[in-house]
Every structure is written in C-alpha cells, then in structure tokens.
Amino acid sequence: MYCSNSDDPEHCTNPENMVRVGIPFLHLYGLERLLYEQGVDLAFWAHEHSYERTWPVYQNRLVAGDQPYVRPQAPVHVVTGSGGCVEGQDPFENSTHTWSAFRSDDFGYTRLILHNGSHLQLQQVSSNQAGKVIDEAWLLQDSHGPFPHATRVQ
C-alpha cells in the first residue's frame, strides 16, 4: 500500500494505487479507508523484495505528532518482503517520501514482539549483516478501536 520502490510504479508510487483507493474512478473496495475507519495500528505488506516502515500515514499524508508511534492516529505500514528471492532485491527511488521512516534492501526478516496489550516491538533483522537489527520501532496503543477522526463513509 505504501512503498517507495522504483521498479513498481503501478503499486508503489501511484497515487491511485488500487489496493489503497480501490477501483479506479469509483474508489470502491479500497483498503486504506477501511483500515483507518477500523483503527488498524499496524499493517503488514509484502511482494516488494525489500523492507520499509512508514510513519502513521493516511491518504499520503503524515498523521504524526512529536511521538508518532505513541497512540498513533493512523496505520503504520510495513513492507517486509526481503526474505530472499532469486530475482534479487527491489531498488528504491532516489528521494524518500515524507511518510517513509526507514527502508532497506538487505535480505532479512521482520520480528514482531508483543509485550502486552498495549506495547509492540518491531525489529528488522539483516541477513546481509550477520543478523544485526537494522531497524527497530515500538508502538504504544492503549486506546484500541477506530481513530478519533475517522468517520465511516457509507
């Protein structure tokens, strides 16, 4: 849904990405609004042969304050498709989007540690760097449910 790989303009850099907004022009069945309305804090995606973590984002806009992962007000998206592939890694665009917090084309895997009902730890482990944790983020959410500004659209 959110990625900055340069070799996939249909999905990564397309503002009308069908997964995000739904059927072109009709905007039916898109997942972004559904995730937002339901208060999804963390969404995992794959297919791109890379790793990328976003700040809380909705409709291509940051929804983040001073502590973006403390009670996030929009979903955080993680693309974790860097497990290894004969096709190799997917390159990134030269510039980064404001919603992109961290990205890597190292082969590796993502570790998710649920500490309790409100604290979640996310780590990206690099196989290229002998198991080094190259990215880490904590999400704190003690108010589960729809985001405060989300209104259901009929």
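Description of the structure in this document. These numbers come from a predicted model, not from an experiment. Every chain is numbered on its own, with residues counted from 1 as its sequence reads. Reporting of local features is limited, given that this is a predicted model, to residues whose pLDDT is at least 70; pairs of side-chain atoms are given and counted only at 80 or more, and all residues count toward the totals for whole chains, interfaces and linings. Calculated side-chain values reflect all of the structure's heavy atoms, with hydrogen atoms and water omitted.

## Here we look at a nonpolar patch on the surface
Candidates for patches are residues over 30% relative accessible area with no salt bridge; among them, like charges are joined within 9 Å and nonpolar side chains (Val, Leu, Ile, Met, Phe, Trp, Tyr) within 5 Å. Note on areas: Shrake-Rupley with a 1.4 Å probe; residue coverage comes only from the protein chains shown. Note on definitions: salt bridges are taken to be side-chain nitrogens of Lys or Arg within 4 Å of carboxyl oxygens of Asp or Glu. Residues Ile23, Leu26, Leu28 and Tyr29 make up a contiguous nonpolar surface patch of roughly 440 Å² in combined accessible area. Along the polypeptide, leucine 26 turns up in the loop between α1 (18–21) and α2 (31–37). The numbering of helices and of strands both runs from the N terminus, where a helix is a DSSP run of H or I of at least 4 residues and a strand a run of E of at least 2.

## Brief notes about the sheet that holds strand β8 (residues 119–126)
Think of it this way: DSSP has to see at least two bridges between two strands before they count as a pair. With antiparallel pairing, the three strands of this open sheet are ordered in space as β7-β8-β9. At either margin of the open sheet sits one strand with a lone partner, and together these are β7 (108–114) and β9 (132–140). Put simply, the sheet's adjacent strands are angled 15° from each other on average, direction ignored. Examined bridge by bridge, β8 and β9 share eight bridges and lie antiparallel to one another. Each bridged residue has a counterpart across the sheet, and for glutamine 121 the counterpart in β9 is tryptophan 138. Under this scheme, a helix contributes an axis fitted over its contacting stretch, all axes are lines through C-alpha atoms, and angles between N-to-C directions fall in the 0 to 180 degree range.

## So, the packing of aromatic side chains
Any two of the Phe, Tyr and Trp rings considered here, Trp counted by its six-membered ring, make a pair once their centres fall within 6.5 Å; the pair's planes then place it as stacked at under 30 degrees, edge-to-face at over 60, or tilted in between. Under the criterion given, the structure shown has five aromatic pairs. Geometrically, the ring pair formed by tyrosine 51 and phenylalanine 102 is tilted, given 6.1 Å between the ring centres and 55° between the ring planes. Separated by 51 residues along the polypeptide, tyrosine 51 in strand β2 (residues 51–54) and phenylalanine 102 in strand β6 (residues 100–104) bring together distant segments of the chain. Type-normalised accessible area, obtained with a 1.4 Å probe on protein chains alone, sets the label of each residue: buried when under 20%, exposed when over 50%, and partly exposed for intermediate values. Taking the relative accessible area as the measure of exposure, tyrosine 51 reaches 0% and is therefore buried. Residue class for phenylalanine 102 comes out partly exposed when judged on its relative accessible area of 24%. A network of ring pairs unites the aromatic residues Tyr36, Tyr58 and Phe147 as a single cluster. Against the face of tryptophan 55 rests arginine 53, its NZ or CZ located 6.0 Å from the ring centre. Should the NZ of a Lys or the CZ of an Arg lie within 6 Å of a ring centre and within 35 degrees of the ring normal, that charge is described as sitting over the ring.

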